[in-house]
Amino acid sequence: MSTGSGADSAPAPTTHDSHSALDTPRKSSMFSSLRVRNYRLFFLGQVVSNTGTWMQRIAQDWLVLSLTGSSAAVGITTALQFLPMLLFGLYGGVLVDRLPKRPTLLVTQSAMAVTGLALAVLTLTGQVQVWHVYLAAFAVGLATVVDNPARQSFVSEMVGPEQLQNAVSLNSANFQSARLVGPAVAGLMITGVGTGWAFLANGLSFVAPIVGLLLMRARELHVVERAPRGKGQLREGLRYVAGRPELIWPIVLVGFIGTFGFNFPVWLSAYADDVFHAGAGAYSLFNTVMAVGSLVGALLAARRGTARLRLLIAAAAAFGALEVVAALAPSYWLFALLMAPIGIFGLTVNVTANTAVQMGTDPAMRGRVMALFMMVFMGGTPLGAPLVGWITDAYGARVGFAAGGAVSLAAAATIGLVLARAGDLRLSFGWYHGHPRVGLVPREHRKELAAAA
């Protein structure tokens, strides 16, 4: 990828710079990264594409249910879409580190467009069968193996280290906005003209990101040295992460929360039907309120200029605790309202971990590290969902939801203690402008505070 100097150009961060960026506060306006032309093109393309993707998800599940009458078949479709990331995610990261990101994304986005268009043709002509949908879901999953780490790592090339957290947060806000709009549009389209047109809309939606990628100015991208082809690069990536506590522990934490704390389709449907006996309308309301909370969380994260590990631990602990509280909520409306802060803190965990891992990683390793991050976060759901579903079926929705929250809270507390010990931190208590302040400080600083007292 050819690059050059320009007003927006800057060298990619080194590991040393990344650690400094994590520790030094910076102020950021909510939409500051959109001032970068290349990222603005990328963002606008993703607005359209993400909406189409959510439309296809709804249409895909509805089509499978219509063809088979089986919820298990819908589950198989979802599993097939996640399976490639679980099996091949790390190899996708190796490829992404070797390849130029923009041409790679042109290929993966085009492949997903073809998949949507193929489903549209099969459905509109009345030839579609359930195995076609299974194959399409698996094909999208295969494209995602490369597309996901490429998109994640390409953000830093577009905006540089100063705007990375803001851009990651806006990407999440983009996704959550599409999560609100896409299913609603898909529902209207399915009932009005049929599922085939929803697939067609998704296929055509990829025109927007493809055009955005083609219009980007290569000279304004930030210089990143690509990894040369060689043996042992997968093991090298794993060793790289294992030797850095600032990378391994956020990934482990996200793995626990993704596997046990993000099984909302299981819990919310059970609460809607079995606990509150309110039907599909309640399920839709719970998801909508959570999506609104997630959108708010993404916009709040966009205002922060840093990704502090203490914020990650605190948000993860709050997320788990709120799930336990919501599990015990006695009323329908209280439970629904609690979905908003759960969405806020869940999104904060995702954005903060994502940014911290990206900024703490050498550019040449970023594809492999982000592939591992996404594999752990997304790949854990198909593993945790059956276990959480069994607990929910056997002991009730409240026990299942509380168990997921308890695991998330325990993981946050444990990893927080591990990071505190690794950084030689201790709990401190003091007063600041007449208000109590509790925090973690280095051992030497604590001694200074005690001596001053």
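On a predicted model such as this, the values are computed, not experimentally measured, just so you know.

Would you take a moment to explain the overall build of the protein for this structure?
Helix and strand content of the protein: 17 helices and 2 strands. In the protein, buried positions account for 49% of the 453 residues. Within the protein, counting contacts between residues at least 6 apart in sequence, those at least 24 apart form 84% of the total. Surface exposure of the protein reaches about 20100 Å², of which carbon and sulfur atoms provide 67%.

Whenever I open this one, the packing of aromatic side chains confuses me. Can you help?
Aromatic ring pairs are described here by two measures, namely the spacing of the ring centres and the angle between the planes. The full count for this structure, using the stated rule, is 22 aromatic pairs. Relative to phenylalanine 319, the ring of phenylalanine 262 has its centre 5.2 Å away and its plane inclined at 20°; by these criteria the two rings are stacked. Of the two residues, phenylalanine 262 sits in the loop between helix H10 (245-261) and helix H11 (264-275) while phenylalanine 319 sits in helix H13 (residues 309-327), which places them 57 residues apart along the sequence. The buried category is assigned to phenylalanine 319, whose relative accessible area is 1%.

Before we go on, may I ask you to explain the environment of phenylalanine 42 in this structure?
Relative to the elements of secondary structure, phenylalanine 42 occurs in helix H2 (residues 37-68). Spatially, the C-alpha atoms of phenylalanine 42 and leucine 215 are 9.6 Å apart, while their sequence positions differ by 173 residues.

Help me understand the side chain of serine 33 in this model?
Residue placement: serine 33 occurs in the loop between helix H1 (15-23) and H2. According to the relative accessible area criterion, serine 33 is buried, its value standing at 0%. Here asparagine 166 takes part through its side chain, which lies 2.6 Å from a polar atom of the side chain of serine 33. Residues within four places of serine 33 in sequence aside, it is in contact with Tyr39, Val159, Gln163, Asn166, Ala167 and Leu170.

Would you explain the nonpolar core in this entry?
Taken as a class, soluble globular proteins show a tendency for nonpolar side chains to be buried jointly. Formed by 53 residues in total, the largest nonpolar core has its most connected members in Leu253, Phe286, Phe335, Met339, Ile342 and Phe401. It is helix H15 (residues 366-395) that provides the largest number of residues to this core, a total of 9 residues. With residues up to four places along the chain from it excluded, the contact list for methionine 339 reads Leu268, Phe286, Val289, Met290, Ala326 and Phe401. Counting 30 residues, the second largest nonpolar core, distinct from the first, contains Val36, Val145, Leu295 and Ala302.

What exactly am I supposed to notice about the environment of valine 145 here?
Assignment of secondary structure puts valine 145 in helix H5 (residues 130-159). The contacts of valine 145, once residues within four sequence positions are left out, are Pro84, Met85, Phe88, Gly89 and Gly92.

Hey, could you run me through the environment of phenylalanine 43 in this one?
Within the secondary structure, phenylalanine 43 is located in helix H2. It is 9.9 Å that separates the C-alpha atoms of phenylalanine 43 and alanine 208, two residues lying 165 residues apart in sequence.

When you look at helix H4 (residues 101-124) in this model, what are you seeing that I'm missing?
Quick reminder: α-helices carry 3.6 residues per turn. Residues three or four places apart thus point the same way. Along its 24 residues, H4 runs 34 Å from first to last C-alpha, staying within 8% of the 34 Å computed at 1.5 Å per residue. Positive phi appears at glycine 126, one or two residues downstream of H4, with a value of about 75°.

What is the right way to read a nonpolar patch on the surface from this model?
A cluster of nonpolar residues, Leu83, Leu87, Phe88, Tyr91 and Leu142, forms a patch on the protein surface that exposes about 460 Å² of accessible area. Looking at the nonpolar patch, the element that brings in the most residues is helix H3 (residues 71-98), giving 4 residues. Mapped onto the secondary structure, phenylalanine 88 falls in helix H3.

Help me understand unusual backbone geometry in this model?
With a phi angle near 50°, histidine 277 is a residue other than glycine that sits in the positive phi range. Position of histidine 277 among the secondary structure elements: in the loop between H11 and helix H12 (280-303).

What is the right way to look at the confidence of the model for the protein in this model?
Close inspection of predicted coordinates is inappropriate for parts of the model with low pLDDT. Across the protein, the average pLDDT comes to 80, with 82% of residues at or above 70. Least confident of the elements in the protein is H1, whose mean pLDDT is 39; most confident is helix H8 (residues 207-215), at 95. In the predicted structure, residues 1-27 sits below a pLDDT of 50 and forms 63 contacts with residues beyond four places in sequence or in another chain. Counting contacts from residues 445-453, a segment whose pLDDT is below 50, to residues more than four positions away or on other chains yields 4 contacts.

What counts, and at which threshold
- Position numbers for residues count from 1 along each chain, tracking the sequence in the order it is written.
- Given that this is a predicted model, residues contribute local features only at a pLDDT of at least 70 and side-chain atom pairs are listed and counted only at 80 or more, while totals for whole chains, interfaces and linings are drawn from all residues.
- Think of the side-chain values as coming from all heavy atoms in the structure, minus any hydrogens and water.
- Helix numbering and strand numbering both begin at the N terminus, where a helix is a DSSP run of H or I of at least 4 residues and a strand a DSSP run of E of at least 2.
- Per-residue accessibility, obtained with a 1.4 Å probe over protein chains only, is compared with the maximum for each type, and a residue is labelled buried under 20%, exposed over 50%, and partly exposed between these values.
- Only heavy atoms matter for contacts: two residues are in contact if any of them lie within 4.5 Å across the pair.
- Per-residue accessibility takes into account occlusion by the displayed protein chains alone, with areas from the Shrake-Rupley method and a 1.4 Å probe.
- Aromatic pairs are defined between Phe, Tyr and Trp rings, using the six-membered ring for Trp, whenever the two ring centres lie within 6.5 Å; interplanar angles under 30 degrees are classed as stacked, those over 60 as edge-to-face, and all others as tilted.
- Each polar contact in these results corresponds to two N or O atoms within 3.5 Å; when the atoms are within protein, one needs to be able to donate a hydrogen and the other to accept it, and residues that are neighboring in sequence are counted only if both atoms are side-chain atoms.
- To define a nonpolar core, start from buried Ala, Val, Leu, Ile, Met, Phe, Trp, Tyr and Cys residues and group those joined through side-chain atoms within 4.5 Å.
- Given a helix with a known number of residues, its expected span is that number minus one, times 1.5 Å.
- Only residues whose relative accessible area exceeds 30% and that take part in no salt bridge are eligible for patches, with like-charged residues grouped when within 9 Å of each other and nonpolar side chains (Val, Leu, Ile, Met, Phe, Trp, Tyr) grouped when within 5 Å.
- Salt bridges are counted wherever a side-chain nitrogen of Lys or Arg sits within 4 Å of a carboxyl oxygen of Asp or Glu.
- For every residue, the predictor reports its confidence as pLDDT, a number between 0 and 100.

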